[in-house]
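# Analysis of the macromolecular model
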Amino acid sequence: ARALGIKTIANRAEYAQASEMLEDELVRARRADDPRRLPFGLRCALAFDHELTLSLTRIAEAEIDRRYRRLAREARLTEPRGGAFVAIQRCGADLRPNVHLHAQFLDGAYGTNAHGREVFFQAPAPTPAEVEAILTRIVARARALLAEREHDLEALDESERSLAQTLATAASTR
């Protein structure tokens, strides 16, 4: 939340808590033994396979937006729809391949209330359990997508292996 610049007077404390929790999750996800971490072969594939990267981006966007739409429906809005802007960045500042997303989401959803008026429902900050559930769904859907596309998460062909070795060397000099 802090990185996205999302701040409202009413929810400043909630967003601060969510931001700290998200940073903790990101640190945990960087550990090599974390099951949510993408295998190195897949990270290499993402650097050069735009369609695969786009598909995984759509999964992440849909799962995050799903929470906002659900909460808006619970607030009795019909046909809730969120909004997001997601940019794919393929490298870090040092130009090493490092596929990652920059995203801004509305902190709620638009929908029609019982009087037929379009209104915006502002959702509360997510709890740690909600973030974990969203991340778990993203990983499950990503793995299913990869299984459908028959990506072997660990196997690399000769050219991919050379690229992976180059990327590993570059990453180790950070």
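Since the structure is predicted, the reported quantities are computational estimates derived from the model, not experimental observations.

### Here's the deal with the overall build of the protein chain
The number of helices and strands found in the protein chain is 5 helices and 5 strands. In the protein chain, 61% of the contacts between residues at least 6 apart in sequence involve partners at least 24 apart.

### A look at the confidence of the model for the protein chain
Of all residues in the protein chain, 60% attain a pLDDT of 70 or more, and the chain-wide mean is 77. Here residues 1-10 is a poorly scored stretch, pLDDT under 50, and it has 15 contacts once near neighbours within four places are set aside; other chains count.

### Describing the sheet that holds strand E1 (residues 78-81)
Taken together, the 3 strands give an open sheet; going across it, the order is E1-E4-E5, and neighbouring strands pair in antiparallel fashion. Edge strands, defined here as strands with exactly one partner in the open sheet, are E1 and strand E5 (118-122). The sheet shows a mean angle of 30 degrees between the axes of neighbouring strands, direction not considered. Alignment of E1 against strand E4 (residues 108-112), held across 2 bridges, turns out to be antiparallel. Residue pairing in the sheet places Thr-78 in a bridge with Thr-112 of E4.

### With respect to helix H4 (residues 128-148)
Compared with the 30 Å implied by 1.5 Å per residue over 21 residues, the 30 Å span of H4 between its first and last C-alpha is a close match. Inspection of H4 places Val-131, Ile-134, Ile-138, Val-139, Ala-142, Leu-145 and Leu-146 among the buried residues, and these make up the whole buried set. Across the axial projection of H4, the buried residues extend over an arc of 135 degrees, all falling on one side. Away from its buried face by more than 90 degrees, H4 exposes Ala-129, Ala-147 and Glu-148.

### Digging into the environment of Leu-106
Within the element layout of this structure, Leu-106 appears in the loop between strand E3 (97-105) and E4. In this structure Leu-106 comes out as partly exposed when scored by relative accessible area, which is 33%. Spatially, the C-alpha atom of Leu-106 lies 9.8 Å from that of Phe-120, the residues being 14 residues apart in sequence. Setting aside anything within four residues of it in sequence, one finds Leu-106 in contact with Tyr-68, Gly-82, Gly-83 and Phe-120.

### Comments concerning the environment of Ala-87
Among the secondary structure elements, Ala-87 is positioned in strand E2 (residues 84-91). When neighbours within four sequence positions are excluded, Ala-87 is seen to be in contact with His-100, Leu-101 and His-102.

### A look at the side chain of Glu-63
Of note, Glu-63 is situated in helix H3 (residues 50-74). On the basis of relative accessible area, Glu-63 is assigned to the buried category, the value being 3%. Beyond its immediate chain neighbours, meaning those up to four positions away, Glu-63 contacts Ile-134, Arg-137, Ile-138 and Arg-141.

### Description of the side chain of Arg-67
By secondary structure assignment, the location of Arg-67 is in helix H3. A polar atom in the side chain of Arg-67 sits 3.3 Å from the side chain of Glu-130. For Arg-67, the contacting residues outside a window of four places in its chain are Ala-123, Pro-124, Ala-125, Pro-126, Glu-130 and Ile-134.

### A closer look at the pattern of salt bridges
For the structure shown, the criterion picks out 8 salt bridges. Glu-63 is paired through a salt bridge with Arg-66; the nearest N and O atoms lie 3.1 Å apart. Here Arg-66 and Glu-63 lie together in helix H3, a separation of 3 residues that amounts to about one turn. The residue Asp-65 makes a salt bridge to Arg-69 at a minimum N-O spacing of 2.9 Å.

What counts and how
- Residues numbered from 1 in each chain as written.
- Predicted model: local features only at pLDDT ≥ 70, side-chain atom pairs only at ≥ 80, totals over all residues.
- Heavy atoms only, no water.
- Helix = DSSP H or I, 4+ residues; strand = E, 2+ residues; numbered from the N terminus.
- Contact = heavy atoms within 4.5 Å.
- pLDDT = per-residue confidence, 0-100.
- Pairing = 2+ DSSP bridges.
- Axes fitted to C-alpha atoms, helices over the stretch in contact; angles between N-to-C directions.
- Expected span 1.5 Å × (residues − 1).
- Buried < 20%, exposed > 50% of the residue type's maximum accessible area, 1.4 Å probe, protein only.
- Arc of directions from axis to C-beta.
- Polar contact = N/O pair within 3.5 Å; in protein donor to acceptor, adjacent residues only side chain to side chain.
- Salt bridge = Lys/Arg side-chain N within 4 Å of Asp/Glu carboxyl O.

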